[in-house]
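The primary structure of each chain is shown beneath.
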Amino acid sequence: MAKQTVERYEETELYRLRHSAAHVMAQAVVQLFAGDVRVAIGPPIEDGFYYDFELPRSLTPDDLQAIETGMRRIVLGKHPFVRREVTAAEARAEFGAQPYKLELIDGLVSGAKAEAGERVPAAPAITFYTQDTFTDLCRGPHLEHTGQLNAQSFKLLSVAGAYWRGDEKNAMLQRVYGTAWRTPQELKDYLWRLEEARKRDHRKLGKELGLFHFSEDIGPGLPLFTPKGELLRHQMETYVRETQTRYGYQHVWTGHIVKEDLYKRSGHYENYKDAMFPPMVDDNITFRLKPMNCPSHMTLYREMGLHSYRELPMRFAEFATLYRYEKSGELSGLTRVRSLTQDDCHIFCTPEQVGSEFALALQLITEILNRYRFADYRVRLSLRGTAGKYVQDPEKWEQAEAALRTALDVSGVDYYEAEGEAAFYGPKADFMARDVLGREWQLSTIQVDFIQPARLGLGYIGEDGREHVPVVLHRAVTGSTERFLGVLIEHFAGAFPTWLAPVQALLVPITDRNHGYCQKLAASLSEAGLRVDWDGGVERMNAKIRKAQLSKIPYILVIGDREEEQGGAAVRLRSGEDLGAKPALEIIDLILAAVAAGT
RNA sequence: GCCGACGUAGCUCAAUUGGCAGAGCAAGCGCCUUGUAAGCGCUAGGUUAUGGGUUCAAGUCCCAUCGUCGGCUCCA
């Protein structure tokens, strides 16, 4: 696949501008606290920048105004950014009272890590950048002077806590997030995008469209789905299920609780026991709510008897409700819940089949993402990091990585690599899809596992008559139904394609006289397989149309005496477009065509 | 879990420096019989998240708990 040559963000003017804005902000904060500040790091990020500080008191959103004012003053001073190369000793002298900077200097000297955490060549030059009264340890690059920042094209957005170097064992620093652009118009556009994202927030739309609720009586992260919400879930799962069946997947069912011992053997217990709901103890047996399916599916494979290589690949799919005890602060609407339904699948195959099974899964994923109109996605090859949870078995890791890389290369998919993103048992190909607002979500995943099958004693008899350990591919298309629904709500702004919409057509009678016909027409549409409803309320048709349109029902069918006489309805789309009166059969065809087309 | 902010009717929001808890929408009832984004009237709706405290007086100030949000951490 042709690789586009895009300018690296680090080399763009925007990057310099945001980096400089971070320094200006740091100066403003130092001035606001009369120098009683320990500064940490402040890099540019996507769409903006941040800076971390240790301060004598907590910042509140009210402080942002004062910091911004300070920044504007510095900008107007047109202070040059002066670069200076220094020795380690000079650097340490300059930052004698700045413990975080000293730590960074130590890191630079030992050639370990630069401020954003990426690798740098051994012992690079140490550089300072100074503007006005503020000097920072910094690699640059920067603008020429602070006046190149437009005072009307940056804005501070929020304050937040952040651990020093992203490690929760370290001190919690205070982070100020800001955004900066070349022109005030670009800033305005960006703020508009933020506002648009807020309007599409699935938590807001879910409430407005009556799809789901959270209740303090049920518990945090445990969503309740209304009839409409369940209808959506059902459509989503039915669609994936049918597609999987067409691709030769089989569906299994493995329940909700499992003996804890199984997770000790699979390795999950060691890595995730804190993220499991507390154990249920019955005499000598300890159970856990099921937080993942792999051990259950693998156990089922084993219990089904001795397998021949002729049976492989076997593809076990399940829409399984899992329970994960996510930390309270990690919960977020439907995108991060404690009860989730995974469209999980485990493919048991021979090492030789990995490539073709990967290709099949890829094709399935592509088809499904297209149906959901996620046209823009890229693949992240998630590899193990240098330290942490990863199972120590270098040979198997290399085998798995090689298998995955080969499969990706053969498939022609464009991918990038990310260290430290693998599962503890193997590398992953994660599908990162962009929604209509350009935000990226991790949706589908294909993972290669050479570890668990052996741990759980899986085998098959090969052509050679000997027993071998199968490879398992873990695969999810939509990830979890809850999370994917949350993403879909935002992607479509609640206006689901007709095939997915909980109510596809709403019939609106103009007067009470039309109620009988309305119900009859609704019945015949239902019979044709459509999901319809009719509004028998006492309001006027205008109010009913407005209500239907706000609830984003694809087809609004208005019925008065004229339509009743002609045996049809006047068709109005949720866009407001009026298609005029049409006979009932034509309306059914129209809607069925939209369902088939996926629009 | 950590840092910070927030929590008022089903929903969206008001309520001077602490001084009688309100509106719109939704709901219920009634009138109107309607032609493509809100017809009119009436009624009901609250232990101001929960539990303590300060005060003559607390939605408002203090403490704790729960929950939500913005981040951090984590995401099998």
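Rules of the game
Residues numbered from 1 in each chain as written. Chains lettered and ligands numbered in written order. Predicted model: local features only at pLDDT ≥ 70, side-chain atom pairs only at ≥ 80, totals over all residues. Domains from an automatic or database assignment. Core = buried A, V, L, I, M, F, W, Y, C linked by C-beta atoms within 7 Å. Buried ≥ 20, exposed ≤ 12 C-beta atoms within 10 Å, placed from the backbone. Helix = DSSP H or I, 4+ residues; strand = E, 2+ residues; numbered from the N terminus. Contact = placed C-beta atoms within 7 Å. Near = placed C-beta within 6 Å. Nonpolar A, V, L, I, M, F, W, Y, C, P; charged D, E, K, R; others polar. Axes fitted to C-alpha atoms, helices over the stretch in contact; angles between N-to-C directions. Parallel < 35°, antiparallel > 145°, perpendicular 65-115°, else oblique. Pairing = 2+ DSSP bridges. Left-handed = near helix turned anticlockwise from the far one by under 90°.

## Quick look at the domain arrangement of chain A
Assigned domains of chain A: these are domain 1 (9-196), domain 2 (207-491) and domain 3 (505-597). Between the C-alpha centres of domain 2 and domain 3 there is a distance of 41 Å.

## What to know about the nonpolar core
Membership of the largest hydrophobic core comes to 89 residues, with the highest contact counts inside it found for L473, A505, L506, L507 and L557. When residues in this core are grouped by element, the largest group, seven residues, is from helix α11 (residues 354-371). Each of domain 2 (207-491) and domain 3 (505-597) gives at least three residues to this core. Excluding residues within four positions of it along the chain, L507 makes contact with C518, L521, A522, V532, W534, L557, I559 and A569. Counting residues in hydrophobic clusters, the runner-up holds 40 residues, among them A26, Y50, Y51 and Y129.

## Looking at the protein's contact with RNA strand B
Taken together, 58 residues sit near RNA strand B, with G161, S328, G329, G560 and A570 positioned nearest. Mapped by element, the contributors of at least two residues to the surface near RNA strand B are β7 (154-163), β8 (172-180), α6 (202-208), α9 (268-272), α16 (541-550), α17 (561-566) and β27 (568-573). Counting residues per element, the surface near RNA strand B draws most heavily on α16, at seven residues. Taken together, the residues of the surface near RNA strand B sort by class into 24 nonpolar, 17 polar and 17 charged.

## Quick look at the packing of helix α7 (residues 227-246) against helix α14 (residues 481-491)
Where α7 meets α14, the axes come as close as 11 Å, and the angle between the chain directions of the two elements is 105°. As far as their axial angle goes, α14 and α7 are roughly perpendicular. On α14, the residues that touch L232, R233, M236 and E237 of α7 are T481, F484 and L485.

## Description of the sheet that holds strand β12 (residues 257-259)
The strand order across the open sheet built from three strands is β12-β14-β13, with neighbouring strands paired in antiparallel fashion. Each edge of the open sheet is held by one strand with a lone partner, namely β12 and β13 (280-282). Taking the axes of each pair of neighbouring strands and ignoring which way they run, one obtains an average angle of 30° across the sheet. Across three bridges, β12 lies against strand β14 (residues 285-289) in antiparallel orientation. Directly across from K259, in β14, lies its bridge partner F287.

## So, the sheet that holds strand β19 (residues 428-434)
Strand order in this open sheet of eight strands is β11-β15-β16-β23-β20-β19-β17-β18, and the pairing throughout is mixed. Two strands in the sheet have a free side with no partner beyond their single neighbour: β11 (250-251) and β18 (415-419). Two strands pair when backbone bridges link them, and strand β15 (residues 314-323) and strand β16 (residues 339-349) are joined in this way by 10 bridges, in the antiparallel orientation. Bridge assignment links L322 to a residue of β16, and that residue is L340. Its contacts with the sheet place α7 against β11, β15, β16 and β23 (471-480), and it is angled at close to 150° to β23. Contacting β16, β17 (377-383), β19, β20 (440-449) and β23, α11 runs over the sheet at an angle of about 5° to β23.

## With respect to the environment of Y9
With respect to the helices and strands, the residue Y9 is situated in the segment before α1 (13-32). In this structure Y9 comes out as exposed when scored by C-beta crowding, with 12 C-beta atoms within 10 Å. Sequence separation between Y9 and G70 is 61 residues, and the spatial gap between their C-alpha atoms is 27 Å.

## Let's talk about the packing of α11 against helix α12 (residues 394-411)
Where α11 meets α12, the closest approach of the two axes is 9 Å, and the angle between their N-to-C directions is 55°. Considered as vectors, α11 and α12 are oriented oblique to each other. Considering only the axes of α11 and α12, their crossing is right-handed. Residue-level inspection shows V354, G355, F358, A359 and L362 of α11 in contact with α12, the latter providing A403, T406, A407, V410 and S411. Per-class residue counts for the contact of α11 with α12 are seven nonpolar, three polar and no charged.

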